[in-house]
Amino acid sequence: MSFNIQTHKELTQVETRQDAALGIMRWGRDNSFPQTLINVIQQSPSAKMATSRTAKFYKGSGFDGESEVINAYGLTLKKLVGILADDYANWEAFAIQCNYNIKGQVTSMNPIRISQLRFNEFDELNYASKIGYHPDFGRNSEVRKTIDQSASRDNIKWFNRFNPLAAPAQIEKEEGGISNYLGQVSYYSEAGHSSYPISPLQASVNFVLSDVENSILVRKETSTGFINTYMLKTTLDSEDSTLIALERAIEEAQGARGTGKVITFSGLSPEEVGNTLLEEMGGGGAGSQAIIESAQMAYELDREVITGAYLIPPALAGIQQKTGFSGADLQEAYYVFNALTQGGRDAIEAELNAILDNSVFKTKDVSIKKLALDLQDEKIEGEDNAEMIK
């Protein structure tokens, strides 16, 4: 996955900037923000849990017609809702590409990840009339093919925005007719018609980054924290192959994944090196324990802030695990979180039903059922909960 913690700094503003060369509005200064944030979320234990848990509630427990196949790839309505729920949990936004027949009826639907879409250049009222697709706008996608192509005017696919009434006229104007018509995209964003979505975690992004850094620190300390820290002094240049080989050998001998505790000072004079090439700087043990304890405190703080961004009840977030909670607590948490996530299910239903109403599919209306509690699935045990288990 394209991720490097060192490249992520505190974010004060995510810009929407015109790019005349590509004919788009950039999402972030270098057009890589959405996939960057997704990559960070995937590396954060707390953020990944929060988005997955929230998406589960948006998906609900099913709906009538969920098994109907909606495209040539065998995608069902249920799987489509699942993908839309994942994007809505990350962005409070989602997108569906629609293909049409000559009658202006939708014949297939395909979900498109929000991170792969960009608006065309805004008009004088700051509105976007089309949606552009490229699999890797920011050159940081987790999917890598043998031949990767950077986004250009020639390889961006442009879709008209969803409007079934306009489809027949658009097909007629298309050179080559319906065979060359790319269809329309229903682009839903809580931020507005022509505004890039704002992730629930955007305001808490520094806590997400802290969670990632914290997990890296814990791994390093648990693998090498018991080892003393040393200073390697040498007259060799930092690019010298002999020194590089020596550093690698030292790292590989010190702990998991070569995370050593040796700091190299290269290019020194013989006088500066002195008689000791490897000099002890500090011990492990107690110092490492203090780091782990601090990391635990940081983890708990990060988790509270991140889960708080989604208003996830403590019982669902696992925050009360030390004191324990009952099945009744979990039932109450389900009731509360189902209510909090109803708006997301409503948004998915409304956009999907608008498409289905103008389609060839048998299912014309989707009504997502709220997620029901299954204590066995939640792994809640005990005599007090036995009667509540389904």
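For the structure itself, look to the data block above.
This structure is a prediction, so every number in the text was calculated from the model and none was measured. (Residues numbered from 1 in each chain as written. Predicted model: local features only at pLDDT ≥ 70, side-chain atom pairs only at ≥ 80, totals over all residues. Heavy atoms only, no water.)

Describe helix α3 (residues 77-91), and please don't skip the residues or the numbers.
Between the first and last C-alpha of α3 there are 21 Å, a value that for 15 residues agrees with the 21 Å anticipated at 1.5 Å per step. All buried positions along α3 are accounted for by Leu-77, Leu-80, Val-81, Gly-82, Leu-84, Ala-85, Asp-87, Tyr-88, Ala-89, Asn-90 and Trp-91. At the C-terminal side of α3, Glu-92 shows a positive phi close to 55°. (Helix = DSSP H or I, 4+ residues; strand = E, 2+ residues; numbered from the N terminus. Expected span 1.5 Å × (residues − 1). Buried < 20%, exposed > 50% of the residue type's maximum accessible area, 1.4 Å probe, protein only.)

Before we move on, can you summarise the packing of helix α1 (residues 33-43) against helix α2 (residues 45-59) with the specific residues and values?
Two measures define how a pair of helices packs: the angle their axes make with one another and the distance between the axes. Packing of α1 against α2 leaves a shortest axis separation of 5 Å and a crossing angle of 105°. Viewed along their axes, α1 and α2 adopt a mutual orientation that is roughly perpendicular. Of α2, the residues touching α1 (which contributes Ile-41, Gln-42 and Gln-43) are Pro-45, Ala-47, Lys-48 and Thr-51. The residue inventory of the contact of α1 with α2, partitioned by class, reads 3 nonpolar, 3 polar and 1 charged. (Axes fitted to C-alpha atoms, helices over the stretch in contact; angles between N-to-C directions. Parallel < 35°, antiparallel > 145°, perpendicular 65-115°, else oblique. Contact = heavy atoms within 4.5 Å. Nonpolar A, V, L, I, M, F, W, Y, C, P; charged D, E, K, R; others polar.)

Report on the sheet that holds strand β4 (residues 106-111), specifying residues and quantitative values.
Across the sheet, which stays open at both edges, the 6 strands sit in the order β4-β3-β8-β7-β6-β5 with mixed pairing between neighbours. Two strands bound the open sheet, and with one partner strand each, they are β4 and β5 (117-119). When strand polarity is set aside, the average angle formed by the axes of neighbouring strands in this sheet is 35°. As judged from the 6 bridges shared by strand β3 (residues 93-100) and strand β8 (residues 184-189), these two strands associate in the antiparallel manner. Bridge pairing links Phe-94 to Tyr-188 in β8. This element, α3, spans β3, β4 and β8 of the sheet and lies at about 145° to β3. Contacts between helix α11 (residues 342-356) and the sheet are confined to β3, β4 and β8, with β3 contributing the most and set at about 10° to the helix. (Pairing = 2+ DSSP bridges.)

So what about the environment of Glu-66? Which residues, and what values?
Mapped onto the elements of the fold, Glu-66 is located in the loop between α2 and α3. According to the relative accessible area criterion, Glu-66 is partly exposed, its value standing at 23%. Once the C-alpha coordinates of Glu-66 and Ser-367 are considered, the two residues, 301 residues apart in sequence, prove to be 9.9 Å apart. Sequence-distant contacts of Glu-66, defined by excluding residues within four places in its chain, comprise Thr-76, Leu-77 and Lys-78. Within the structure, the side chain of Glu-66 is placed 3.1 Å from the backbone nitrogen of Phe-63, a separation counted as a polar contact. (Polar contact = N/O pair within 3.5 Å; in protein donor to acceptor, adjacent residues only side chain to side chain.)

Give a description of a nonpolar patch on the surface that names residues and reports values.
Residues Leu-311, Tyr-335, Val-336 and Leu-340 make up a contiguous nonpolar surface patch of roughly 410 Å² in combined accessible area. Relative to the helices and strands, Leu-340 is located in helix α10 (residues 327-340). With relative accessibility at 43%, the residue Leu-340 sits in the partly exposed group. (Patch = residues over 30% accessible without salt bridge, like charges linked within 9 Å, V, L, I, M, F, W, Y side chains within 5 Å. Areas by Shrake-Rupley, 256 points an atom, 1.4 Å probe, with all protein chains shown as cover. Salt bridge = Lys/Arg side-chain N within 4 Å of Asp/Glu carboxyl O.)

Just give me the short version of the environment of Leu-352, but keep the residues and values in it.
By secondary structure assignment, the location of Leu-352 is in helix α11. Along the sequence, Leu-352 and Ser-367 sit 15 residues apart, while their C-alpha atoms lie 10.0 Å from each other. Every residue in contact with Leu-352, bar those within four places of it in the chain, is listed here: Leu-77, Leu-80, Val-81, Ile-96, Met-109 and Val-366.

Lay out α11 in plain terms, naming residues and giving numbers.
At 3.6 residues per turn, the α-helix brings residues three or four places apart onto the same side. Helix length check: α11 (15 residues) gives 21 Å between terminal C-alpha atoms against 21 Å at 1.5 Å per residue, within 8%. When α11 is considered as a whole, its buried residues turn out to be Gly-344, Arg-345, Ala-347, Ile-348, Glu-349, Leu-352, Asn-353, Ile-355 and Leu-356. Residues of α11 that are buried in the fold lie against α2, α3, β3, β4, β8 and α10.

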